[in-house]
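Chains, contacts and geometry: an overview
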Amino acid sequence: MDLKGKNVIYEGGFGGIGQHCLKQFLAKGIKNLVIFDLKENAEILENLRKSYPQSKIFFVQFDITNKDSITKAFIAAVEKIGHFDVLVNGCGMMDDTKVDLMIDINLKGLINSTLTALPYMDKSTGGRGGLIINISSVAGLEPTSAVTIYSAAKHGVTAFTRGMANPVFYDHHGVSFITICPGITETDLVANPQTKATFEYAKHLAGLLDMAARQGPEICAENLVKVAETGKNGGVYKLDLGEIKEVTFPVFWKPVMKSSTESS
Ligand SMILES: NC(=O)c1ccc[n+]([C@@H]2O[C@H](COP(=O)([O-])OP(=O)(O)OC[C@H]3O[C@@H](n4cnc5c(N)ncnc54)[C@H](O)[C@@H]3O)[C@@H](O)[C@H]2O)c1
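Anyway, here's the lowdown on the structure attached to this text. Note that this is a predicted model, so its numbers are computed, not measured. (Residues numbered from 1 in each chain as written. Predicted model: local features only at pLDDT ≥ 70, side-chain atom pairs only at ≥ 80, totals over all residues. Heavy atoms only, no water.)

**Comments concerning the pattern of salt bridges**
- Counted according to the given criterion, the structure contains 11 salt bridges.
- With a closest N to O distance of 3.8 Å, Asp104 and Lys108 form a salt bridge. One end of the pair is Asp104 and the other is Lys108, both in helix H4 (residues 99-121) and 4 residues apart, which spans about a single turn.
- The exposure class assigned to Lys108 is partly exposed, which follows from its relative accessible area of 49%.
- The partner of Asp210 in a salt bridge is Arg214, with the nearest N and O atoms 3.5 Å apart.
- The partly exposed category is assigned to Asp210, whose relative accessible area is 38%. (Salt bridge = Lys/Arg side-chain N within 4 Å of Asp/Glu carboxyl O. Helix = DSSP H or I, 4+ residues; strand = E, 2+ residues; numbered from the N terminus. Buried < 20%, exposed > 50% of the residue type's maximum accessible area, 1.4 Å probe, protein only.)

What follows is the structure, encoded as structure tokens:
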């Protein structure tokens, strides 16, 4: 998608990866940016407004674990900017000691946010179509035992987003879906992983994450916005160690139609 002149909503925009993505989107000449996050970061907001005066930048407070809060945030955003072309679901949390919160933020919140956004974008009901980018993880591609609940939630994000890219849906609403799977990226989310492990007795497994090579949030953000410009509906993109790689999946199962089993 050509991002120039577009309206973007970025959820989790004040996070480590998010704040760099905001700059990258603004550098593309987007018209309006609405940042959804749990807390306002006045300093980032002011710096962005100074650096990118050609774009209008708004903040809407929301809590992705609360469906009512998501609904109100989209109403507030649309009141400000009229419509949006791109939604990035970029909230996240990694702490396997908090099972419900992990699922509520990383998976349930992302699904609720997507389903709340979709009617605004739906071409069949007067919307303009657009693009929804859901941030999964490399832990949403490979089981990651150190943080196995986080990994399960992120596998859910990958499956949900791939499923939402079904051409039958696309033909109806005109919204493309892209899954982004960052590798380990230097942000607060991955700080002190030993304290966030699924099991206290295996916290050394999470400690290994500290020893693994990681990328900076700047290059991850630059690559996310490149994918927003060039990625295809249903595409899953691994952004690891400064590189973009499209991930393809084997087909493990397809429903077999009753008629074909009866005739064989
Ligand atoms: N950092 C990594 O190594 C890494 C790797 C793969 C995927 N990711 C994913 O990338 C995304 C961004 O992660 P990050 O590393 O920038 O993390 P981060 O902790 O720096 O940012 C997370 C953002 O989510 C927001 N958030 C958390 N709970 C919320 C809630 N209840 N309601 C509203 N907002 C909430 C935070 O306020 C913050 O802005 C997440 O989806 C994360 O899972 C990160």
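**Structural notes on helix H5 (residues 148-164)**
- For H5, spanning 17 residues, the distance from its first C-alpha to its last is 24 Å, which sits close to the expected 24 Å at 1.5 Å a residue.
- In this structure, the buried residues of H5 make contact with H4, strand E5 (130-135), helix H6 (167-173) and strand E6 (175-182). (Expected span 1.5 Å × (residues − 1). Contact = heavy atoms within 4.5 Å.)

**What to know about empty space enclosed by the protein**
- A complete count under the given rule lists 1 cavity of 30 Å³ or more for this structure.
- Size it by volume and the largest cavity reaches roughly 30 Å³.
- Lining the largest cavity are Ile64, Asn89, Cys91, Ile105, Asn106, Leu110, Ile135 and Lys154.
- Ranked by residues supplied to the lining of the largest cavity, first place goes to H4 with 3 residues.
- Grouping the constituent residues of the lining of the largest cavity by class yields 5 nonpolar, 2 polar and 1 charged. (1 Å grid on protein atoms, 1.4 Å probe; cavity = no way out; pocket = protein on both sides within 12 Å on 5 of 7 lines; lining within 4 Å. Points joined across faces, edges and corners; volume = space filled by probe spheres on them. Nonpolar A, V, L, I, M, F, W, Y, C, P; charged D, E, K, R; others polar.)

**Describing the packing of helix H1 (residues 16-27) against helix H8 (residues 217-230)**
- Running from N to C, H1 and H8 cross one another at 50°; their axes reach a closest spacing of 8 Å. Between H1 and H8, the interaxial angle falls into the category oblique. At the point where H1 passes H8, the crossing takes the right-handed sense. Taken together, the residues of H8 that come into contact with H1 (itself represented by Gly16, Ile17, His20, Cys21, Gln24 and Phe25) are Pro217, Glu218, Cys220, Ala221, Glu222, Leu224, Val225 and Ala228. (Axes fitted to C-alpha atoms, helices over the stretch in contact; angles between N-to-C directions. Parallel < 35°, antiparallel > 145°, perpendicular 65-115°, else oblique. Left-handed = near helix turned anticlockwise from the far one by under 90°.)

**Re the pairing of strand E7 (residues 236-240)**
- When E6 meets E7, the two strands line up parallel, connected through 4 bridges. Of the residues in E7, the one forming a bridge with Cys181 is Lys238.
- Sheet analysis places E7 next to strand E8 (residues 243-247), joined by 5 bridges and oriented antiparallel. Of the residues in E8, the one forming a bridge with Lys238 is Lys245.
- Between E7 and E8, which pair antiparallel one after the other, the connecting turn spans 2 residues, and Leu241 there sits at a positive phi close to 50°. (Pairing = 2+ DSSP bridges.)

**Looking at the site of the ligand**
- Every one of the 27 residues lining the ligand counts as a neighbour, but Gly16, Asp37, Tyr150, Thr185 and Thr187 are closest to it.
- Between an oxygen atom of the ligand and a main-chain N or O atom of Gly16, the distance comes to 2.7 Å.
- For the ligand, an oxygen atom lies 2.6 Å from a polar atom in the side chain of Asp37.
- Contact with the protein chains removes 89% of the 830 Å² of surface that the ligand exposes when unbound.
- Because more than half of its atoms lie within 2 Å of the grid, the ligand is assigned to the largest pocket.
- Residue composition of the shell around the ligand, by class: 13 nonpolar, 11 polar and 3 charged. (Near = heavy atom within 4 Å. Polar contact = N/O pair within 3.5 Å; in protein donor to acceptor, adjacent residues only side chain to side chain. Areas by Shrake-Rupley, 256 points an atom, 1.4 Å probe, with all protein chains shown as cover. Sits in = over half its atoms within 2 Å of the grid points.)

**As for unusual backbone geometry**
- The phi dihedral of Asn192 is positive, around 50°, even though this residue is not glycine.
- You will see that Leu241, though not glycine, has its phi angle at about 50°, which is positive.
- When you line up the elements, Leu241 lands in the loop between E7 and E8.
- For Leu241, a relative accessible area of 47% translates into the label partly exposed.

**Comments concerning the sheet that holds strand E3 (residues 56-61)**
- Read from one edge to the other, the open sheet built from 8 strands follows the order E3-E2-E1-E4-E5-E6-E7-E8, with strand pairing classed as mixed. Looking at which strands have only one partner, the edges of the open sheet turn out to be E3 and E8. Averaged over all neighbouring strand pairs, the angle between strand axes comes to 20°, with direction disregarded.
- Note that strand E1 (residues 7-11) and strand E4 (residues 86-89) share 4 bridges and pair parallel. By the bridge assignment for E4, Tyr10 is matched with Val88.
- On top of the sheet, H5 reaches E5, E6 and E7; it is set at about 155° to E6, its chief contact.
- Contacting E5, E6, E7 and E8, H8 runs over the sheet at an angle of about 160° to E7.

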